[in-house]
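This is what each chain is made of:
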Amino acid sequence: MPYEFLVIDVADRVATVTINRPDKLNALNDGVMRDLGAMIDELGARDDVGALVITGAGRAFVAGADIAALAVAQGGELEKFARTGQNLMRRLEQLPKPVIAAVNGFALGGGCELALACHVRVASEQAKFGLPEVKLGLIPGYGGTQRLARLVGRGRALQLLLTGDPIDAAEAYRIGLANAVVAPAALLEAARTMALAMLKNGPIALARALGAVDAGLDATLDDGLRVEARLFGSLESTADMREGTKAFLEKRPAQFRGA
């Protein structure tokens, strides 16, 4: 389908999604949010797409939300604004296909929250991460207060949230916010290579692994183990499990079909 603010290229079952509003540093206005929602629906359903790489055009990944709209919010509009963004990020996070953020530049505010909602983050050496909302008299509203603390720990998250100061890619990697840091020219290739490595594995197993982590992360250990056992057991009836184990025993590459 046509998109106003996204460019999508699919090759080798990896969809590279470029947020294309460079004159506004790819800020998340209503149009970008609509496009992202439609993209999640489309690529989530496409059989020729097994993984997503999300990046930004120009010098920013996503520089934030639409501050002009926030500035005039009243009558409960801020909460509605937050819930809309949270729902979008949650839908992205719950895709049963790997989603990799290729963070090419500024990932600030809503852009950092978008990166946090992706399953993995590969950063350019030029990337900057930050949640500067407190400098505007606000707090993150698209899940940043929740996902950041879960990812890097309470103390480091609170330092970033309460100062509002950005960090560079090296610091993001040090604290566990970024999974890898690469040269700018190598960013998309590194993200695609990671996606292709994931796609060598069973697609149903990938979906179950994503689901197990998502469902168990905030559960007690015992409840999380029950989730894991249930999802592990659900693979017993799949042809992919039979193929994968047989291929291992026969010392040959597995030919997974997603069934």
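Everything that follows concerns the structure shown earlier in this document.
These notes cover the structure that comes with them. (Residues numbered from 1 in each chain as written. Predicted model: local features only at pLDDT ≥ 70, side-chain atom pairs only at ≥ 80, totals over all residues. Heavy atoms only, no water.)

1. A few points about the pattern of salt bridges
Item 1. Summed over the entire model, instances satisfying the criterion amount to 13 salt bridges.
Item 2. A salt bridge links Asp41 to Arg91; the shortest N-O distance between them is 2.6 Å. Taken as a pair, Asp41 in helix H1 (residues 30-45) and Arg91 in helix H3 (residues 77-93) lie far apart in primary sequence, 50 residues in all.
Item 3. The class of Asp41 is exposed, set by a relative accessible area of 51%.
Item 4. With relative accessibility at 33%, the residue Arg91 sits in the partly exposed group.
Item 5. Here Asp218 and Arg150 are joined by a salt bridge, their closest N and O atoms 3.0 Å apart. (Salt bridge = Lys/Arg side-chain N within 4 Å of Asp/Glu carboxyl O. Helix = DSSP H or I, 4+ residues; strand = E, 2+ residues; numbered from the N terminus. Buried < 20%, exposed > 50% of the residue type's maximum accessible area, 1.4 Å probe, protein only.)

2. Quick word on helix H9 (residues 203-216)
Item 1. Across its 14 residues, H9 extends 20 Å between first and last C-alpha, which sits within 8% of the 20 Å expected from 1.5 Å per residue.
Item 2. Turning to H9, the residues buried within the fold contact helix H8 (187-199), helix H10 (221-234) and helix H11 (239-249). (Expected span 1.5 Å × (residues − 1). Contact = heavy atoms within 4.5 Å.)

3. Looking at the nonpolar core
Item 1. Ranked by internal contacts, the top residues of the largest apolar core, which has 49 residues, are Met39, Ile54, Phe61, Leu92, Phe129, Leu148 and Leu177.
Item 2. No other element matches the seven residues that H1 contributes to this core.
Item 3. In this view, Phe129 contacts Val103, Ala107, Leu108, Cys112, Ala123, Pro166, Ile167, Ala172 and Leu177; residues no more than four positions away in its chain are not counted.
Item 4. Counting residues in each nonpolar core, the second largest holds 13 residues, with Val14, Ala102, Ala191 and Leu206 among its members. (Core = buried A, V, L, I, M, F, W, Y, C linked by side-chain atoms within 4.5 Å.)

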